[in-house]
Amino acid sequence: MEEADNQKNRRLLIVSNRLPVHIDYDGNRFNYQPSVGGLATSISNLQDKLEMFWLGWSGIRDVEKEHHPILINALRKEYNCLPIFLSRDAFDKYYDGFSNGCLWPLFHYFPQYAHYDPGEWNSYVEVNQIFSEKIMDVLQPGDMVWIHDYHLMLLPAMIREKMPEAKIGFFLHIPFPSFELLRMLPWREDILQGLLGSDLIGFHSYSYTRHFLSSVLRLLGVDHDFGTITYNDRNIKVDTFPLGIDVNRFTNAHQDPNIQVEFEDLKKKIGDHKVILSVDRLDFTKGITERLLAFESFLDQNPTWQEKVVFISLCVPSRVRVPEYQSLKQQVDELVGRINGRFGKPGWTPIWYLYRSLPFDKLIPLYQIADVAMVTPLRDGMNLVAKEYLASKSDGNGVLVLSETAGAAHELGEAIIINPYDQKAMSDALFKALNMPVEDQKRRNQPMRKRLRRYDINRWADDFLNQLAMSQRQDSPKPSEIEDGYWRGQLMKSFHKSKQSLIFLDYDGTLMPIIKNPQDAFPDDVLKELLKSLIDIKNTSVYIVSGRDREILQTWLGNLNIGLIAGHGAHIKPPFSQTWRDKEYSSLNGWKGQLIPLLEVYVDRTPGSELEEKTFALAWHYRKTEPDMGSLRAKELINDLESFIANTPLQILHGKKVIEIKDSSASKGNAVHEILEAKPDADFILAIGDDVTDEDMFEALPSGSWSIKVGEGEQSIANYFLSSHEDVRVLLNELTQ
Ligand code: ADP
Ligand code: G6P
């Protein structure tokens, strides 16, 4: 949290539909119960770094007006919370209606349950507006605002409109669906535009990030660059932050004497039976009926397991006013009754169905005693139960059966992964899980537990807030167009009156187009003639500065009297010379130690990737990651590494599914720097390049030089840009006139 550490006086406003305090009214007085665990705990851990408070709905429908001040005072004083009061009608339509009757099913791939009611949409807009007004009552310049979840997707743009310079982050806790689903929503553009009011938008998994980016492109026609969208002249970073849990709280719970007592009680009730556990809100996305049917099928297929196993299904009542939830409740009740009726025997009830919320000290013994956790949602943004189970099994035993459509499956690949619609696969998974030797259980769980510990809830919040704090700073200015008659004229004037000129030209993408097969990009005759004419100009030295190897540059351009810099600066051949000089290898001490923490961040945030340490290099391998996520992260890593390695002899090599950082003691920047030092009287310096490696070259130039980026609208430290290699040739031609 370096960035936030530097800004202790900075305030953080958390905004979510619910406050992290559960409030009850018993007809006489209000009772307050702070929520523990998850977001609430992690955010409260930030309190010594940032001044913060939380805004959200009061949690009670129909609070009498005269009770508002009581709630406001109590919540502000005790919990740093600011309650928002909503009329009964607006709340019902916004929460039960649009949020849970439209967005929730649609975003979880249940379009058949989603209804598109304009009245409910209007209430959703109205409530988001009420939230934005409440925020404006307290928001001060310099504050950071962090908005959570699908109830408040219009809020970022509403705040942005009222305070354009505000720093706004948004995190979606549910899946972001593919474009084909999103397009069904009549207000899809409004939702996207609402979110784009943020500076940083976070999702649990890379597939949600990808779906969001592609929807923005298809619906608003706006593309992205390494996950950064430029919209209404602002840059919006879109990134993946898999939510973690408070691992210590779950892992250390077995030391709590109360929990030990509960555990022993439970053990007595369960006896010798093996335990399969599931824990969810009673929600149609959780696959509860499919799971029960799979258990029934398991008992049918494996009669020897009858009377030896119990299935504990813990369901919390949820959104009980929404019709789909009511009918699910009925279905589950009936199914449990039927299966228990069919298989139950005196002394053995196959399914223990608990329809209630349990406090922490009763939930943990269930996790601890479960031999198998069946976490098989049909679709889930993340699913924390899977993580809580693994963390609670402090002896490292237990088998997690996990649905491939839960966000958590991206990080918990060693679990038994199943398709939750495949009843046979689930029944087979149960058989495998119940028969799995303890060593195998431990071997599978160990890497998952380690991952949970590294990327826990605090790390998640730090990571998000750090990126948010830095978000607007990354906007480096865009180069202006050299086509502009004035600047072009100035460049020509300056060149013609110079006594000593130095010109550095990248090759691929600058003098030649980028083509599929790099071997075919040999210089055409027109280019060779152009280069010859440049060299012929009195007191002008021209260098080709390329990442290509020495041999190919020698073959293609060696017979011109032009300077050549190959291998990103590793080999230099001065103009009018036939001798190549290799840069000396100079090992930098300590660079690996400085880079490893950065690479570890990428390992943690990119499930499946690995860090390899070699004698003179570090390699980040991403062959085993989700392919799209791997390549996006690779680009980001290179971006991050570039600022780190500028002006050092380190080199980044992007191989097949691997990024390697080597001490090559060579970079384009260093080579250019060396040449500049040998020509201190150069009074006209021009560098042109299209590639990220050319940024080093631009950076090495003294002030007053001309630097030109090839590629329109791209970020660069160059002063000017040209659109294509053809424009570069035209400009160089003009110099020769
Ligand atoms: P969702 O956010 O969709 O409900 P998650 O699995 O991400 O699903 O989070 C559920 C949270 O609710 C977990 O922290 C879990 O411990 C808690 N939980 C679920 N069911 C119960 C229950 N019956 N009693 C107590 N806590 C529960
Ligand atoms: C999911 C949502 C949360 C929500 C929670 C409980 O996790 O992402 O935003 O708070 O479910 O649902 P509820 O409707 O009871 O707030």
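In this text, all values refer to a predicted model and were calculated from it rather than measured experimentally. (Residues numbered from 1 in each chain as written. Chains lettered and ligands numbered in written order. Predicted model: local features only at pLDDT ≥ 70, side-chain atom pairs only at ≥ 80, totals over all residues. Heavy atoms only, no water.)

1. With respect to the packing of helix 20 (residues 525–536) against helix 26 (residues 725–736)
So, point 1. At their nearest, the axes of helix 20 and helix 26 sit 9 Å apart, and the two run at 40 degrees to each other. Once helix 20 is placed against helix 26, the crossing between them reads as left-handed. Residue-level inspection shows Val526, Leu527, Leu530, Ser533 and Leu534 of helix 20 in contact with helix 26, the latter providing Arg729, Leu732, Asn733, Leu735 and Thr736.
So, point 2. Of the residues in the contact of helix 20 with helix 26, the class split is six nonpolar, three polar and one charged. (Axes fitted to C-alpha atoms, helices over the stretch in contact; angles between N-to-C directions. Helix = DSSP H or I, 4+ residues; strand = E, 2+ residues; numbered from the N terminus. Left-handed = near helix turned anticlockwise from the far one by under 90°. Contact = heavy atoms within 4.5 Å. Nonpolar A, V, L, I, M, F, W, Y, C, P; charged D, E, K, R; others polar.)

2. Considerations on the pattern of salt bridges
So, point 1. In total, this model carries 43 salt bridges according to the counting rule given.
So, point 2. In this structure, glutamate 411 engages lysine 387 in a salt bridge whose closest nitrogen and oxygen atoms are separated by 3.0 Å. Of this pair, glutamate 411 sits in the loop between strand 16 (399–403) and strand 17 (416–418) while lysine 387 sits in helix 15 (residues 384–392), and the two are 24 residues apart along the sequence. Of the two residues, glutamate 411 and lysine 387, neither departs from the other in class, the shared state being buried.
So, point 3. For arginine 451, the salt bridge is made with glutamate 414, and the minimal N-O distance between the two is 2.7 Å. (Salt bridge = Lys/Arg side-chain N within 4 Å of Asp/Glu carboxyl O. Buried < 20%, exposed > 50% of the residue type's maximum accessible area, 1.4 Å probe, protein only.)

3. Examining the nonpolar core
So, point 1. Membership of the largest hydrophobic core comes to 141 residues, with the highest contact counts inside it found for Met153, Phe176, Phe212, Ile229, Leu400 and Leu402.
So, point 2. For this core, the element with the highest residue contribution is helix 4 (residues 88–107), accounting for 10 residues.
So, point 3. Discounting chain neighbours no more than four positions away, the residues touching leucine 400 are Ala373, Val375, Ala386, Tyr389, Leu390, Leu412, Ala415 and Ile416.
So, point 4. In this structure, Met492, Ile544, Leu686 and Leu732 belong to the second largest nonpolar core, which totals 35 residues. (Core = buried A, V, L, I, M, F, W, Y, C linked by side-chain atoms within 4.5 Å.)

4. Details of the pairing of strand 28 (residues 684–689)
So, point 1. Along strand 28, six of the six residues are buried, which leaves the element largely enclosed by surrounding structure.
So, point 2. Both faces of strand 28 are covered, namely the face carrying Phe684, Leu686 and Ile688 and the face carrying Ile685, Ala687 and Gly689.
So, point 3. Where strand 28 meets strand 29 (residues 706–710), four bridges bridge the pair, whose relative direction is parallel. Looking across to strand 29, one finds that glycine 689 is bridged to lysine 709.
So, point 4. Regarding the hand of the β-α-β motif, the stretch spanning strand 28, helix 25 (residues 694–699) and strand 29 is right-handed. (Pairing = 2+ DSSP bridges. Right-handed = clockwise from strand over helix to strand, strands pointing away.)

5. Overview of the domain arrangement of the protein
So, point 1. Partitioning the protein into domains gives domain 1 (10–240), domain 2 (247–454), domain 3 (480–583 + 666–735) and domain 4 (602–659).
So, point 2. Each of domain 2 and domain 3 has a C-alpha centre, and these two points are 63 Å apart. (Domains from an automatic or database assignment.)

6. As for helix 21 (residues 550–557)
So, point 1. Of the residues making up helix 21, those classed as buried are Leu553, Trp556 and Leu557. Viewed end-on, helix 21 has its buried residues packed into an arc of 75 degrees, placing them on one side of the element.
So, point 2. Elements that come into contact with the buried residues of helix 21 comprise helix 20, strand 20 (540–545) and strand 21 (563–566). (Arc of directions from axis to C-beta.)

7. Regarding the site of ligand 1
So, point 1. By nearness alone, 15 residues border ligand 1, and Arg281, Lys286, Val316, Leu358 and Glu388 come closest of all.
So, point 2. One nitrogen or oxygen atom from the main chain of arginine 356 is found 2.9 Å from a nitrogen atom belonging to ligand 1.
So, point 3. Between ligand 1 and glutamate 388, the relevant distance is 2.5 Å, taken from an oxygen atom to a side-chain nitrogen or oxygen of the residue.
So, point 4. Within the complex, the protein chains bury 77% of what would otherwise be the 560 Å² of accessible surface of ligand 1.
So, point 5. Class assignment for the residues of the shell around ligand 1 results in eight nonpolar, two polar and five charged. (Near = heavy atom within 4 Å. Polar contact = N/O pair within 3.5 Å; in protein donor to acceptor, adjacent residues only side chain to side chain. Areas by Shrake-Rupley, 256 points an atom, 1.4 Å probe, with all protein chains shown as cover.)

8. Some remarks on the site of ligand 2
So, point 1. By nearness alone, every residue bordering ligand 2 is listed as Arg18, Tyr95, Trp104, Asp149, His151, His173, Ile174, Arg281 and Arg319.
So, point 2. In this structure, an oxygen atom belonging to ligand 2 sits 2.5 Å away from a side-chain N or O atom of aspartate 149.
So, point 3. In the complex, 70% of the free accessible area of ligand 2, which totals 380 Å², lies under the protein chains.
So, point 4. Its residues assigned to classes, the shell around ligand 2 comprises three nonpolar, two polar and four charged.

9. Examining the packing of aromatic side chains
So, point 1. This structure, assessed with the given rule, holds 40 aromatic pairs.
So, point 2. Relative to phenylalanine 464, the ring of phenylalanine 171 lies with its centre 6.3 Å away and its plane at 80 degrees, an arrangement referred to as edge-to-face. Here phenylalanine 464 lies in helix 18 (residues 457–470) and phenylalanine 171 lies in strand 7 (residues 167–171), a separation of 293 residues in the sequence. Residues phenylalanine 171 and phenylalanine 464 agree in their burial class; the two are buried.
So, point 3. The cationic tip of lysine 329 hangs over the ring face of tyrosine 355; the distance from NZ or CZ to the ring centre is 4.4 Å.
So, point 4. When the ring centre of phenylalanine 241 is taken as reference, the NZ or CZ atom of arginine 605 above it lies at 5.4 Å. (Phe/Tyr/Trp six-rings, centres within 6.5 Å; stacked < 30°, edge-to-face > 60°. Lys NZ or Arg CZ within 6 Å of the ring centre and 35° of its normal.)

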